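The primary structure of each chain is shown beneath.
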Amino acid sequence: MNIDFEKNDGLVPAVIQDAETRAVLMLGYMNEAAYQKTVESGMVTFFSRSKQRLWTKGEESGNVLLLADIKADCDGDTLLVRAYPKGPTCHTGTDTCWKEDNRPHFGFLSELEGVIARRKEEGGKDSYVASLFGKGINKIAQKVGEEAVEVVIEAKDNDKDLFLNESADLLFHYLILLQAKGYTLEDVIKILKDRHRK
């Protein structure tokens, strides 16, 4: 990997990202010695501009960043460091330096889970989701079963739009069922990850 340590007085910005959640945790700076120590020790190390020395993240707090991998950008003057945080990353005690929770996010599906949770909480006659929750677990489970059967039926035909629409219906109702049981997509993905590691 070609890293241009000649720019910016020998320092390159290092964007730290959680290797699992993909959340951006912090920004630090590395010189060549910090980069080498990070690679050799497996613990993310920076050059501290205020202390004017190498500084391994968590050397005092214990909240270290265990190295997963490092990539340089197209110009070789910025690093993307993926790491596994052990504890909060920010010195203020928050998960990230932007005061965001470092939780898994599954893009639009996480947003949809949030909408479902709000509709469940708020209720209301005009909400299809709220009405399903009002009818109870048996009705929600029945809807998942119905949508699954419809996906199987459409899978046997060649109508792409019908198949994808039924698939969307199944996924939507499955997310409702998960919440009705007190779980989230994160719980299911954790099991899949554990199986994958075996």
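See the structure shown above.
What you see is a predicted model, and the numbers here were worked out from it, not measured in a lab.

Parameters and conventions
Chains are numbered independently. Their residues run from 1 in the order of the written sequence. The predicted origin of the model limits local features to residues at a pLDDT of at least 70 and limits the giving and counting of side-chain atom pairs to 80 or more, whereas totals for whole chains, interfaces and linings rest on all residues. Side-chain metrics rest on all non-hydrogen atoms present in the structure, leaving aside hydrogens and water. By the criteria applied, helices consist of DSSP H or I runs no shorter than four residues and strands consist of E runs no shorter than two, each listed in order from the N terminus. Working rule for contacts: check all heavy atoms of both residues, and any pair within 4.5 Å makes them a contact. Only protein chains enter the accessibility calculation, which uses a 1.4 Å probe. A residue is then buried if its area is under 20% of the maximum for its type, exposed if over 50%, and partly exposed in between. Here a helix's expected span is defined as the number of its residues, less one, multiplied by 1.5 Å. It is the directions from the helix axis to the C-beta atoms whose arc is reported. Here, any two strands with at least 2 DSSP bridges between them count as paired.

Trainee: Is there a simple way to explain the side chain of Thr96 in this structure?
Mentor: With respect to the secondary-structure elements, Thr96 resides in the loop between strand E6 (79-85) and helix H2 (108-122). Non-local contacts of Thr96, meaning those with residues more than four positions away in its chain, are made with Val24, Leu25, Cys90 and Asn102.

Trainee: Any chance you could explain the environment of Ile16 here in plain terms?
Mentor: Relative to the helices and strands, Ile16 is located in strand E1 (residues 12-18). Looking at Ile16, the relative accessible area reads 0%, which means it is buried. Ile16 sits 73 residues away from Thr89 along the chain, and the two C-alpha atoms are 9.7 Å apart. Aside from chain neighbours lying at most four places away, what touches Ile16 is Ala23, Val24, Leu25, Met26, Val44, Phe46, Leu65, Val81 and Ala83.

Trainee: Looking at this structure, I do not really get H2. What am I missing?
Mentor: The α-helix winds at 3.6 residues per turn, so residues separated by three or four positions along the chain end up facing the same way. Taking 1.5 Å of rise per residue, 15 residues should cover 21 Å, and H2 covers 21 Å from first to last C-alpha, within 8% of that figure. Among the residues making up H2, those that are buried are Ser110, Leu112, Glu113 and Ile116. All buried residues of H2 project into a common sector of 155° when viewed along the axis, lining one side. Across H2 from its buried face, at more than 90 degrees, point the exposed residues Phe108, Glu121 and Glu122.

Trainee: Looking at this model, I keep getting lost on the pairing of strand E2 (residues 24-30). Mind explaining?
Mentor: Regular strands have side chains that alternate between both faces of the sheet. Direction of pairing for E1 relative to E2: antiparallel, over a ladder of six bridges. The residue bridging Val15 from the neighbouring strand is Leu27, located in E2.

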